[in-house]
Each structure stands twice: as structure tokens, then as C-alpha cells.
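Listed here are the chains, written in short residue letters.
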Amino acid sequence: MSAWSVTPAAVQPAQVAIAGDWHGNDMWAERILDRLAAQGVEVVVHLGDWGYWLGQTGRKYRDRTAEILERNGQTLYWVDGNHEAFSELLTIPINVHGTRTIRDRLIHLPRGFRWQWRGQTWLALGGASSVDRPHRTPGKSWWADELLSDAEIDSAIEGGPADVMVFHDAPYGIPELEDQLARSAHHWPALELGIALDHRRRVRKVVDAVRPSAIWHGHYHYRYADTLTLDDGHDVRGQRAGGGRRGRQRVRGGVGHGQCVTQLQSNQECFPGDQLPVRREPSRSGSRNRRASGTASSKVRWPSISSAPLASRA
Ligand SMILES: [Mn+2]
């Protein structure tokens, strides 16, 4: 049995899986976690809409997930999505490490939580808007807390630069995603689309300030990889995680010594060789950056994960 911790920094995995949007489906959870276990993956970062629900349904899902994690020797760290029961989740106290222990091996990463994996700073930032809000009941299936607050955004920015960000929502301006959203816009009320757009712009504000090289997000149930170029030319590459009906999608990723290589895999589909480069600040990069570039054949074995990272290429 591997060690686990309520704080991801205490675990330094050679490989991590990134997943998203299980929506409380314990069959998806088990299938994905078992597959990852077979690949030796012990740490999963989940991008939200993991499925913290009210009542017995929610409790059973949490118990079941914890059982699988224990059996497999895995730990799951998750950021909140929009479909989580915030009225209950937020009452769980934050521990001294800054996380919430939902169950053993099942750890919630609050908005703005940061940690270090192998020299890279990761930043978690949950939240998103529900475009189907008119069909939901406040306090039972919808919570105003789903949206990032000004304070959360300010706090995330004040933390300074990060190398990798994990969101539930996506930053505004990723061309492939915005195109896809425009194609599906007719499904949703204009008011809700406006709120969603505003929320992506708020997430983008964080990305502009934090300048990660790579991001992963969930929420949209749309799988892609694209590059977001910030105003100053800084590139951010990313994809969303598998989810919804695509719950079996996995993306493998890992963090190596000063570099991060990911393989994105969906069933038999594979996006090989995607790289998460190290931070490109001149003061710290130097030889490490050069070594990182182009070494898809890392000595570290990269697992597959279910979401997509965005990594920048210089
Ligand atoms: Mn969502």
C-alpha cells in the first residue's frame, strides 16, 4: 500500500492521472480508477463535477469511491466543479494543510490551493457556471457558490506565478473551445451563456496573471487540445478532461524532474508526446528548460490521465 496524504505536496508521484466530470457515477469512478491502478497510477487529480451530492446518494458515492481508492492504493485530489453540493461541502473544515479531507484518500482542493510537485507549482481553482440553472433548484441542485468570487480570484492572483493550473471552468479565449461553444450556444438561454462567458473571462484574468505553462480543465465535456496565447506571447496549452458520456476517457500525464510529459488517451485514441515544459522564467529555466524540450522519451514512465493539459511550447 502506498503512502497517501491530505496534502498533495507530501506525495511526489512520478506520474499523475488527471480526470474530470464523473458526476457522481461510481461505475465510471471504479472503471477509471481500476484502469489507472493497472497502469501503476496512484495519484489522480480530478477537475471537478466529481459529484459531491446531498443525502444518501452522495454519501454512498463518497464511501464507494473511498473504498476503491483504498483497495487500489490511490489518492484522489479534486477541485470543485459547479455541480457539487456547496452547502455541505463548504461546511467541512479546512485542515492545517489547506485541504478538505472528505474521506481517507479523497481530498478536496479548495480554490486557490497551491502545491509543489517536482519543482513545479500547481494551482487549483474550481468553480463554473451552470447553463442549465433554470432547470435546477437552489440549495438542492444549484448553489450560488458555484461561481468564483472576486476574493477567490484576487487571492489566486496574489499567490503569484504557477506552472500548472487545474480548473473546472476554462479561461476565455482558447480558440478551439470558443468555436465549439459557439456551435452549441443555441441549446442554452442567452442570460446563462452571458454568465458563463463572464466566468471564463474571470478565469482568464487569473491565467493572464499567473501565466501557467499548462492547464487542464473540465466542465465542457468536449475533448480537445489547443494553445492559448496570452497578450504578451506566452503560450498556454491545454485540453479538457474526459467526462460525461466520455467518462472513460483518460489522459495520462506525469511530472518529471523539471519537466512534465503527458499522453492523452481516450479509449484507443492517443495524443502522444504532449509536453508540459518547465517554467520559462530566465532566472530559473536555463539548462533545465533545454533539457526538457523534446525529450518525450523520458526515463519516467508516464501514465495516462483523463484530462488534458495545456503546455506551452517556446
Ligand atoms: Mn461542470
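These numbers come from a predicted model, not from an experiment.

About the thresholds
- Residues numbered from 1 in each chain as written.
- Predicted model: local features only at pLDDT ≥ 70, side-chain atom pairs only at ≥ 80, totals over all residues.
- Axes fitted to C-alpha atoms, helices over the stretch in contact; angles between N-to-C directions.
- Helix = DSSP H or I, 4+ residues; strand = E, 2+ residues; numbered from the N terminus.
- Parallel < 35°, antiparallel > 145°, perpendicular 65-115°, else oblique.
- Contact = placed C-beta atoms within 7 Å.
- Nonpolar A, V, L, I, M, F, W, Y, C, P; charged D, E, K, R; others polar.
- Buried ≥ 20, exposed ≤ 12 C-beta atoms within 10 Å, placed from the backbone.
- Pairing = 2+ DSSP bridges.
- Right-handed = clockwise from strand over helix to strand, strands pointing away.
- pLDDT = per-residue confidence, 0-100.
- Core = buried A, V, L, I, M, F, W, Y, C linked by C-beta atoms within 7 Å.
- Left-handed = near helix turned anticlockwise from the far one by under 90°.

1. Observations regarding the packing of helix α1 (residues 26-38) against helix α2 (residues 55-72)
How two helices sit against one another is set out by the angle between their axes and by the gap between those axes. The geometry of α1 relative to α2 is characterised by a closest axis approach of 10 Å and an angle of 10 degrees between their N-to-C directions. What the angle tells us is that α1 and α2 run roughly parallel. Of α2, the residues touching α1 (which contributes Asp26, Ala29, Glu30, Leu33, Asp34 and Ala37) are Tyr61, Arg64, Thr65, Ile68, Leu69 and Asn72. Classifying every residue of the contact of α1 with α2 gives six nonpolar, two polar and four charged.

2. A closer look at the environment of Ala190
Its location among the elements puts Ala190 in helix α6 (residues 190-210). Owing to 8 C-beta atoms within 10 Å, Ala190 belongs among the exposed residues under this scheme. Sequence separation between Ala190 and Val131 is 59 residues, and the spatial gap between their C-alpha atoms is 9.2 Å.

3. Quick word on the pairing of strand β2 (residues 43-46)
Burial along β2 is two-sided: Val43 and Val45 and Val44 and His46, pointing in opposite directions, are all buried. Inspection of the sheet shows strand β1 (residues 16-19) paired to β2 by three bridges, in the parallel sense. Looking across to β2, one finds that Ile18 is bridged to Val45. Of the crossover connections in this fold, the one passing from β1 over α1 to the parallel β2 is right-handed. Bridge analysis of β2 against strand β3 (residues 75-78) gives four bridges, and the strand direction is parallel. Within β3, the residue paired with Val43 across the bridge is Thr75. Handedness of the β2-α2-β3 crossover: right-handed.

4. As for the confidence of the model for the protein chain
Summing up the model confidence of the protein chain, the mean pLDDT is 76 and the portion of residues at 70 or higher is 74%. Segment residues 241-314: pLDDT under 50, and 221 contacts once partners within four positions in sequence are set aside and those in other chains are kept.

5. Quick notes on the nonpolar core
Val44, Met165, Val166 and Phe167 are the most contacted members of the largest nonpolar core, which has 59 residues in total. When residues of this core are assigned to their parent elements, the largest contribution, five residues, is made by α1. Non-local contacts of Val166, meaning those with residues more than four positions away in its chain, are made with Val45, Leu47, Val79, Trp122, Ala124 and Trp216.

6. Considering unusual backbone geometry
Unusually for a residue other than glycine, Asp21 sits at a positive phi of about 60 degrees. If you trace the backbone, Asp21 turns up in the loop between β1 and α1. Despite not being glycine, Asp49 shows a phi value in the positive range, around 50 degrees. Within the secondary structure, Asp49 is located in the loop between β2 and α2.

7. Things to note about the pairing of strand β8 (residues 164-167)
The alternating pattern of β8 places Val164 and Val166 and Met165 and Phe167 on opposite faces, both of which are buried. As defined by bridge partners, strand β7 (residues 120-125) adjoins β8 across four bridges and the pair is classed as parallel. Its bridge partner lying in β8, Ala124 is registered against Val166. One crossover worth recording links β7 to the parallel β8 by way of helix α4 (residues 150-158), and it is right-handed. Bridge count between β8 and strand β9 (residues 214-217): three bridges; the pairing is parallel. What sits directly across from Val164, in β9, is Ala214.

8. Points about the packing of α4 against α6
At a minimum axis separation of 9 Å, α4 and α6 run at an interaxial angle of 15 degrees. Considering the angle they form, α4 stands roughly parallel to α6. Seen from above, α4 lies across α6 with right-handed handedness. Between α4 and α6, the residues in contact are Ile153, Ala156 and Ile157 and Arg202, Lys205, Val206, Ala209 and Val210, respectively. Here the contact of α4 with α6 is composed, by residue class, of six nonpolar, no polar and two charged.

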